[in-house]
Amino acid sequence: VACNALQETACIVVGDQGTMQVKVSGVPLVMFAVDGVSVVEGGLRLHSQDIGILVTAVGKGGFRLSASLGAELGGIDNPMIVDGLPSANHAIVWNGDSEVGVLTATGKLAVNLTTHSFALYDKSDHLLATADRIVSSDGCLLFSLGRAAGLSAEPPRFFGSGQGTEVGLEVNGSISQVDNRAFAVPHFWTTDGYSALGVSELNYQRFEHERYPVNWTRTEDGGAQFRVRGGRADWYLSPAASRKSAQQALWTLTGAPPVPPRYAFGFMVSRWGWQSSQDVRDVLQHFRTANIPIDSWVSDFEWYTGHPDYGLPDRGDPNFSDFGYNKVLFPDPSSQLADYHSNFGVRFGGIRKPRLGNSALLDMARAKNWLVRADPQWDGGRIRDGGDRNLNFSIPEVRSWYQKQMAHYVADGVDFWWNDEGETAYFTTYHWTQAEFDLLRKKNPSGRFLAINRDHTLGLQRLGAAVWTGDQHEGWEALAAQATYLVGWQQAGAGYVTCDTGGFKGKSETPQLLARWYQVSVFMSIMRIHSVDDEKPHFPWLWGDKAEVSMRKSIDLRYKLLPLLYSLAHLQYSELEPVFRPLGYYHADARSERVVDQWYVGRQLMVAPVMNPFNQREVYFPPGEWYRFGSKQPVSVGPSVEVLYQVPLDEIPIYVPAGSIVPLAPVVQNVESLPGGPLEVHVYSGRDTTFRLVEDDGATIAYEQGAVCATDFVWDEAAFTLSWKRQSDLRFPTSFESLRVLVFTPDGQGTASRVVSIRSSGSLQLPRAAPQREHVHHSHQDAAISEIFAAFGGLVVVLGFVVVFRSRRPQLEHPAAEPLLA
């Protein structure tokens, strides 16, 4: 056993038949044996008369507790868990003659040899939870975690199960399922300092195939009870003192979200109801002529069939097209897609359904038992969409056949997929997306995969799948819910979350509502509009001049933020830290834990969009100093609350914690037009800080092997100096080669440099006050001239608990700089 991996001088080496030998610095001291225990690869196996128990160390120091009523034990093959999950470095520990356990770098899972109860400890040997003996009842294995003595007097809180929005971020249990506008996973993290994930040998719940047969419920003592249907179960337990460590543990088990293709970070235009190929071309031309950035467009049914399949009988329609093109929209598919790529600089994504509509294809599928209801395990459960026409993607032959039908789309130039209504069984969308992923790997082995799905199960994120928040109704309540979806679903394992900006349907859209929804979508993983076929499309120019100005500014801001968002996506992949984070990710105060309508973008921005028809916003500032993004407004100090009244329609309340670096791009018309000018590096002073800018080719998975250009920025507060160093010689057509630095200070003063070359390394020492020459040290460049921001207007009145009335929008002025949406 690899005790030295834990840097321990004393350890216990376990041999066959439970023989144990204590060694200190390699010197044997004593030998003893423990009845009922044997050593297996990665941990310990306990022998009992009714339920077999296996404790193993997995991942980066977590534990897998396996139980079985039969001979087969441990490591259930399941779509949620990464293939080949490695064992963690560990040691076997013994306490007297009653307890034995597995020790890793993160903690210990111990078992009482008499009662077969369990105890979970952190790396400092603090008890986190106790657990009763695993029991079998009514076809289920029950595992009950109890709250340990000596923990905080505050009741624990639970997060990370998904759900819809009606429960907020905090949960008290989970019925694992997939649905429109909601999903739930068999996972939680508790503020008591650990996370848990349950796995069954079964892939769906009897009679309710959209449900997974693992549920958990909070118990009265602040613990949790898992109920797993079937004769085998795995529980993955991870000591996790923070949301950060819990997220890292979850993505270690289920897979890191890869970085999407770069175009996914731009503006995506979707609708149901494109009229013709000319209609598409006219819309794209309007975006380009009006200088409104766009990177992709998406079509509903009308791209591959002349009419939807809703209402088709189970036998199908002999004239229905499942894998063709609608000639009205795509009379010449490959030429059109090439035109969209080269002349408009946009990518195309098409909707897919997990079912067939063509009679001949349905006859073939039934003959092969390829439909969901032909599954021998089918027990009569309902299917909401498509009835008896849904494919069973869990069958490998179905996935292989489906790839062959879809291959010509990839060859023609279709870029990504929009997968709808896959809730026929809990893992339908996973297997369906796997088929599309494998198809891309065959046709373009180095290409990045993107699918936008209506549901999510753990594991989908490692394929490159995003999830959208379902068919949202138009309205302020639905808009306000998007923040909870975004942050809550990331805590439940989704890597990328988007929405139907403006709402999918409801006939209650207004220019104000749509403009405010655009502002929220700026700060979601993918900024995408969508609407139903019988309503006005959500294009900016169709909703009046005032709303159009606001929407255009929101899109422009999205493109300014590309360097930040793209770098954070790389951080999410490499370090398993989510791009979007709740306030409680960093702050433990009670108010931060309760706020669900503000969120972080990395650590750099805190966004508080207006999500009500009154143009008002209450902003909570956690402890610390806070700048208004892009503004010379003096800092706010938290904890405090500011109430903003009459927030202009084109304004988004965005704040930056003191000691932050925020990189911004010029506004370009699509992501491949980067860099478009110098990188603008905002420094919000107050403490030393760093930021890593990551650039790559934007299209391939070469970044997974290190093909990136990473530039490390370091701000030295005492020296008032920004330095940088590139970590490789790689350059890409979209790489930035010059930069300008803007420094914000708490007193409302600011300093701006002129443009300097980035090259391999460099530094800029900026003045603190009046204009003077700045000192520039560069690998190949001498000096640059500093500039001071012009004074701004804006009255701030502090009343009571901090209420702010602003006379006009603060403006940040500096030479040759784009106006910032603040």
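Residues numbered from 1 in each chain as written. Predicted model: local features only at pLDDT ≥ 70, side-chain atom pairs only at ≥ 80, totals over all residues. Heavy atoms only, no water.

Colleague: Explain the sheet that holds strand 20 (residues 194-200) to me, please; I cannot follow it from the model alone.
Modeller: Hydrogen bonds along the backbone pair up the strands of a sheet, which may run parallel or antiparallel. Spatially, 4-5-6-7-23-20-19-15 is the arrangement adopted by the eight strands of the open sheet, whose pairing is antiparallel. A strand with exactly one partner marks an edge of an open sheet, and here the two such strands are strand 4 (37-40) and strand 15 (158-159). Across the sheet, helix 1 (residues 243-254) lies against strand 6 (52-58), strand 15, strand 19 (187-190), strand 20 and strand 23 (232-239), angled at about 25 degrees from strand 20, the strand it touches most. (Pairing = 2+ DSSP bridges. Helix = DSSP H or I, 4+ residues; strand = E, 2+ residues; numbered from the N terminus. Contact = heavy atoms within 4.5 Å. Axes fitted to C-alpha atoms, helices over the stretch in contact; angles between N-to-C directions.)

Colleague: Sorry, what's going on with the confidence of the model for the chain here?
Modeller: Atom-level detail of predicted coordinates should not be read off regions where pLDDT is low. In the predicted model, the chain carries a mean pLDDT of 89, and 88% of its residues have values of at least 70. Segment residues 1-9 is flagged for pLDDT under 50; beyond a separation of four residues in sequence, or across chains, it makes 19 contacts in the model. Confidence drops under pLDDT 50 across residues 771-822; counting only partners more than four residues distant or on other chains, this segment forms 142 contacts. (pLDDT = per-residue confidence, 0-100.)

Colleague: Just checking my understanding: could you explain the side chain of Arg 617 for this structure?
Modeller: Tracing the sequence through the fold places Arg 617 in strand 35 (residues 617-628). You can call Arg 617 buried: its relative accessible area is 5%. Within the structure, Arg 617 has its side chain in polar contact with the side chain of Asp 597 (distance 3.1 Å). Of note is the side chain of Arg 617, whose polar atom sits 2.8 Å from the backbone oxygen of Pro 609. (Buried < 20%, exposed > 50% of the residue type's maximum accessible area, 1.4 Å probe, protein only. Polar contact = N/O pair within 3.5 Å; in protein donor to acceptor, adjacent residues only side chain to side chain.)

Colleague: How should I be thinking about the packing of aromatic side chains in this particular structure?
Modeller: The geometry of an aromatic ring pair comes down to the distance between the two centres and the angle between the two planes. Counting across every chain of the model gives 54 aromatic pairs. Taken together, a centroid distance of 5.1 Å and an interplanar angle of 20 degrees make the contact between Tyr 212 and Tyr 426 stacked. On the criterion of sequence distance, the pair formed by Tyr 212 in strand 21 (residues 211-218) and Tyr 426 in the loop between strand 27 (416-419) and helix 6 (428-443) is long-range, its members being 214 residues apart. Here the two residues Tyr 212 and Tyr 426 agree in accessibility, since each one is buried. A centroid spacing of 5.5 Å and a plane angle of 70 degrees characterise the contact between Trp 303 and Phe 348, whose relative ring orientation is edge-to-face. Residue Trp 303 is located in the loop between strand 25 (296-299) and helix 3 (333-343), and its partner Phe 348 is located in strand 26 (residues 347-352); the two are separated by 45 residues in the primary sequence. By relative accessible area, Trp 303 is classed as buried at 0%. Phe 348 sits in the buried class, given a relative accessible area of 1%. When the ring centre of Tyr 304 is taken as origin, the NZ or CZ atom of Arg 352, which lies over that ring, is 4.6 Å away. (Phe/Tyr/Trp six-rings, centres within 6.5 Å; stacked < 30°, edge-to-face > 60°. Lys NZ or Arg CZ within 6 Å of the ring centre and 35° of its normal.)

Colleague: Help me out: how do you make sense of the sheet that holds strand 33 (residues 599-601) in this one?
Modeller: Pairing within the open sheet is antiparallel, and its six strands lie in the order 32-33-34-37-35-36. Two strands close off the open sheet at either side, each with one partner strand: strand 32 (580-581) and strand 36 (636-644). Pairing of strand 33 with strand 34 (residues 605-607) involves three bridges; the strand directions are antiparallel. Each bridged residue has a counterpart across the sheet, and for Trp 599 the counterpart in strand 34 is Val 607.

Colleague: Whenever I open this one, helix 3 confuses me. Can you help?
Modeller: One turn of an α-helix holds 3.6 residues; hence residues three or four places apart share an orientation. Within helix 3, the full set of buried residues consists of Pro 333, Gln 336, Leu 337, Asp 339 and Tyr 340. Angularly, the buried residues of helix 3 cover 155 degrees about the axis, an arc narrow enough to put them on a single face. The exposed residues of helix 3 that point more than 90 degrees off its buried face are Ser 342 and Asn 343. The elements touched by buried residues of helix 3 are helix 2 (277-289), strand 25, strand 26 and helix 5 (396-412). (Arc of directions from axis to C-beta.)

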